[in-house]
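Below, each chain spelled out in residue letters.
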Amino acid sequence: MPGFDPLALIDACYAAAVEPETWSDALDGIADAVGARGAVIVSHDPARTAQTLASERIADVNLDYGVGGWWQHDTRIRLGRERGIMRPGMVTVDEMYLTAEEKRADPFFQHFIDRHRLANLCAYVGADPMDRHTLSFSASRDVRNGPFEGAEIERMGLVGPHVIRAFRLTALVGEMRREAEGLTSALERMRAGIVVLDARGRVRLVSPVAERLAAGYLALRTGAEPEAAEPIDSARFGRFLADVLPERSWPRQETILLRRRGGGRPLYVEALPLRGADPFPVAGAGLGGGVVLLL
């Protein structure tokens, strides 16, 4: 296996979130790092399972899976659900829930996996806060290779959460760009709240949903840094913001729960770093290197 540079691989994924044409190279880089032929991101929502994102090296597999309809017969997803393996935060390999005998007797493996000369799969499972389903980022072995080893599985566990988060950011950025002239209507349709910060941590864009969700939790003023409304969270939120802004090589803390002033349920805030080109020109120039806060 080539040298493993996790920060470079993770940065490539976040850069791909705003430059989608580079996703294939980013996925190929991770596949190389874990000794796989290629990598793919799959939604477990049946309405979106066929819409996969894969590295170029397995483009033929991806086409057959989506257009060819094999996604409807994916034994791994079905058994993963039935046997309790598809839980957010888990790293899975075939041996956890599939025996060699089951593979030999299963049409999905006989007529799809074997035909493409693929073998074992290693996957990171993540939650998608935009809906009730999960996503998986997986890497496929070539049939000539054996099972995934400990170090390779650990690498999937390290980069997997960032791949899933960058993939979700891709969807958010894509929808905003498609609706650039009607940005407000696009943001209103999103279930999650979006707050866009520039590289200095100043608020540049707040979606209508974010305005509603932030009430009592965050003070959001355009051109100023966001602040926690509950004084007891002020210093903690300040450290969180400082950690996710681009001065650091990589954030140590990417999520935070904030208390509501006066009491109530906590607000979940996730920071998604913006790498590469300026993704939101409609919000003003200079957002490259900023952060999206997902509420």
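All values reported here derive from a predicted model rather than from experimental measurement.

A. The overall build of the chain, seen in detail. From N to C terminus, the chain includes ten helices and twelve strands. Across the 295 residues that make up the chain, the buried fraction comes to 52%. The long-range fraction of contacts in the chain, counting pairs at least 24 apart against all pairs at least 6 apart in sequence, stands at 58%. Just so you have it, the chain exposes about 13500 Å², and 52% of that area is on carbon and sulfur atoms.

B. Spatial organisation of the sheet that holds strand E6 (residues 194-197). The five strands lie next to each other as E7-E6-E12-E11-E10, forming an open sheet whose pairing is antiparallel. With one partner strand each, in any of the chains shown, strand E7 (203-206) and strand E10 (255-258) form the two edges of the open sheet. Averaged over all neighbouring strand pairs, the angle between strand axes comes to 25°, with direction disregarded. Pairing of E10 with strand E11 (residues 267-273), which is carried by four bridges, proceeds in the antiparallel orientation. By the bridge assignment for E11, leucine 257 is matched with tyrosine 268.

C. Region of the structure containing the pattern of salt bridges. The final tally for this structure, using the stated rule, is 20 salt bridges. Here aspartate 94 ties to arginine 76 by a salt bridge, and the two come within 2.8 Å at their closest N and O atoms. Of this pair, aspartate 94 sits in the loop between strand E3 (91-93) and helix H5 (100-105) while arginine 76 sits in helix H4 (residues 75-82); the two residues are 18 residues apart in sequence, bridging distant segments of the chain. The class of aspartate 94 is buried, set by a relative accessible area of 1%. Of the charged contacts in the structure, one is a salt bridge between glutamate 152 and arginine 141, with a shortest N-O distance of 2.7 Å. Highlighted residues: glutamate 152 in helix H7 (residues 150-178) and arginine 141 in strand E5 (residues 134-142), separated in sequence by eleven residues. Side by side, glutamate 152 and arginine 141 carry an identical accessibility label, which is buried.

Definitions and limits used
- Every chain begins its residue count from 1, and numbering advances along the sequence as written.
- Two thresholds apply to this predicted model, a pLDDT of at least 70 for residue-level local features and 80 or more for giving and counting side-chain atom pairs, whereas whole-chain, interface and lining totals are computed over all residues.
- Hydrogens are left out, water is left out, and the side-chain values use all remaining heavy atoms of the structure.
- Think of it this way: any DSSP run of H or I at least four residues long counts as a helix, any run of E at least two long counts as a strand, and we number them from the N terminus.
- Partly exposed describes any residue whose relative accessible area lies between the buried limit of under 20% and the exposed limit of over 50%, with all areas from a 1.4 Å probe on protein chains only and scaled to the type maximum.
- Contacts are assigned to residue pairs with any non-hydrogen atoms lying within 4.5 Å of each other.
- Values of accessible area rely on a 1.4 Å probe in the Shrake-Rupley scheme; residue burial ignores everything except the protein chains shown.
- Note on pairing: two strands pair once DSSP finds at least 2 bridges between them.
- Between N-to-C directions, angles cover 0 to 180 degrees, with each direction set by a line fitted to C-alpha atoms, over the stretch in contact for helices.
- Every case where a carboxyl oxygen of Asp or Glu lies within 4 Å of a side-chain nitrogen of Lys or Arg is listed as a salt bridge.

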